[in-house]
Amino acid sequence: MDRRIVKIEARDINFFYGSRQALSSVSIEIYKNQVTAIIGPSGCGKSTFIRLLNRMNELVPNTSLKGAILLEEEDIFDPSVDPVEIRRRIGMVFQKPNPFPKSIFENVSYGLKINGITDGNFIEKKVGESLKKAALWDEVKDRIHENALKLSGGQQQRLCIARCLAVEPEVLLFDEPCASLDPISTSKIEELILELKKYYTIVIVTHNMQQAARVSDYTAFFLLGELIEFGKTQDIFTAPKDKRTEDYITGRFG
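Residues numbered from 1 in each chain as written. Predicted model: local features only at pLDDT ≥ 70, side-chain atom pairs only at ≥ 80, totals over all residues. Heavy atoms only, no water.

Student: Can you walk me through the sheet that holds strand β2 (residues 20–31) in this structure?
Tutor: Strands in a sheet are paired, the pairing made by backbone hydrogen bonds, and the direction either parallel or antiparallel. Here we have four strands laid out as an open sheet, ordered β2-β1-β4-β5, and antiparallel in their pairing. The sheet terminates laterally at β2 and β5 (74–75), the two strands that pair on one side only. As defined by bridge partners, strand β4 (residues 63–71) adjoins β5 across two bridges and the pair is classed as antiparallel. Residue Leu-70 lies in a different strand from β5, and its bridge partner there is Asp-75. (Pairing = 2+ DSSP bridges. Helix = DSSP H or I, 4+ residues; strand = E, 2+ residues; numbered from the N terminus.)

This is the structure in structure tokens:
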């Protein structure tokens, strides 16, 4: 019996930067509590697609969208939907760690405060929980009021994950989260992703196919703005149906 629950569905997405079409007729289902990897060569539309999932692309001027993106069957681009609420429900971690030039505590509590939470005890509890979930608490618990910019790159990235977790999202988007990290930090982030999928639905854009194979349950291969193939990661990597997918994952191009 298939127990997959669709968390996000993209229906016939066409996206344009001015007159340039970046995505063409992309339709995909993203399943609850699973990790979906988006792979493909540079410039194929991976980051454009993932940024549509929490309406980040509408911050870019002169863009247009056709199609629908549903979060639990609600169109996130419906005029009645608040984009700030969507970005709370669908958190994002970027390629380069981007902590605020504030303390570790203030970084994690920031989202709570801008959402109107003032209860100091609740905030303190939530900061601790979020740092623990991001596998960072043991490393920073004695210096939580120090500047976050003193942390290593890998720690900064986990801090950004904790900052996302504090506002209780349902979905986590990772846009090449390990691109600027060393192998040890990368391994910690990958272990963290595997742990977090118990609680969250995860989408990760990665240029690293070994990473996609290690952490994801499903993989989508994009090429020139089109979704070429989507399926279980094991099937995509061992028995791709499309020759272009096979050529990419065997290193013939990209």
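From this point, things continue past the structure.
Student: What is the right way to read the packing of helix α6 (residues 153–166) against helix α7 (residues 183–196) from this model?
Tutor: Two measures define how a pair of helices packs: the angle their axes make with one another and the distance between the axes. Following both chains from N to C, one finds α6 and α7 inclined at 20°, their axes separated by 9 Å at the closest point. As judged from the angle between their axes, α6 and α7 are roughly parallel. Pair α6 / α7 crosses with right-handed handedness. Across from Gly-154, Gln-157, Arg-158, Ile-161 and Leu-165 in α6, the residues of α7 making contact are Ser-185, Lys-188, Ile-189, Leu-192 and Leu-196. (Axes fitted to C-alpha atoms, helices over the stretch in contact; angles between N-to-C directions. Parallel < 35°, antiparallel > 145°, perpendicular 65-115°, else oblique. Left-handed = near helix turned anticlockwise from the far one by under 90°. Contact = heavy atoms within 4.5 Å.)

Student: Mind showing me how you'd approach the packing of aromatic side chains here?
Tutor: The description of an aromatic ring pair rests on the distance of the ring centres and on the angle between the ring planes. Within this structure, the stated rule accounts for eight aromatic pairs. Aromatic side chains Tyr-218 and Phe-230 sit 5.9 Å apart centroid to centroid with 25° between the ring planes, which places their arrangement in the stacked category. Linking Tyr-218 in strand β9 (residues 218–223) with Phe-230 in strand β10 (residues 226–232), this pair joins segments that are 12 residues apart in sequence. For Tyr-218, a relative accessible area of 5% corresponds to the buried category. Ring-pair connections join several aromatic residues into one group, and the members of that group are Tyr-31, Tyr-218 and Phe-230. A cation over a ring is seen here: Lys-132 above Trp-137, with NZ or CZ 5.2 Å from the ring centre. Here the basic side chain of Arg-163 rests over the ring of Phe-100, its NZ or CZ set 4.1 Å away from the ring centre. (Phe/Tyr/Trp six-rings, centres within 6.5 Å; stacked < 30°, edge-to-face > 60°. Buried < 20%, exposed > 50% of the residue type's maximum accessible area, 1.4 Å probe, protein only. Lys NZ or Arg CZ within 6 Å of the ring centre and 35° of its normal.)

Student: What's the story with the nonpolar core in this structure? I'm lost.
Tutor: Note on soluble globular proteins: their nonpolar side chains tend to be buried together. If you look at the biggest cluster of nonpolar residues, it comprises 42 residues, and the most contacted ones within it are Leu-131 and Ile-161. Residue contributions to this core peak at six residues, all from α6. Setting aside chain neighbours within four positions, we find Leu-131 in contact with Ile-104, Val-108, Leu-136, Trp-137, Val-140, Ile-144, Leu-159 and Ala-162. Among the nonpolar cores identified, the runner-up in size contains 30 residues, and Ile-13, Leu-23, Ile-50 and Val-205 belong to it. (Core = buried A, V, L, I, M, F, W, Y, C linked by side-chain atoms within 4.5 Å.)

Student: I keep staring at α7 and nothing clicks. Help me out?
Tutor: Residues lying three or four places apart along an α-helix face the same way, a consequence of the helix completing one turn every 3.6 residues. Taking 1.5 Å as the rise per residue, α7 with 14 residues should run 20 Å; its terminal C-alpha atoms sit 20 Å apart, in good agreement. Turning to α7, its buried residues are Ser-185, Thr-186, Ile-189, Glu-190, Leu-192, Ile-193 and Leu-196. All buried residues of α7 project into a common sector of 160° when viewed along the axis, lining one side. Residues of α7 that are exposed and angled more than 90 degrees away from the buried face: Pro-183, Ile-184 and Glu-191. For α7, the secondary structure elements touched by its buried residues are β3 (35–39), α4 (120–133), α6, β7 (171–175), β8 (201–205) and α8 (209–215). Here α7 starts with a cap whose side-chain oxygen sits 3.0 Å from the backbone nitrogen of Ile-184, and that cap is Asp-182. (Expected span 1.5 Å × (residues − 1). Arc of directions from axis to C-beta. Polar contact = N/O pair within 3.5 Å; in protein donor to acceptor, adjacent residues only side chain to side chain.)

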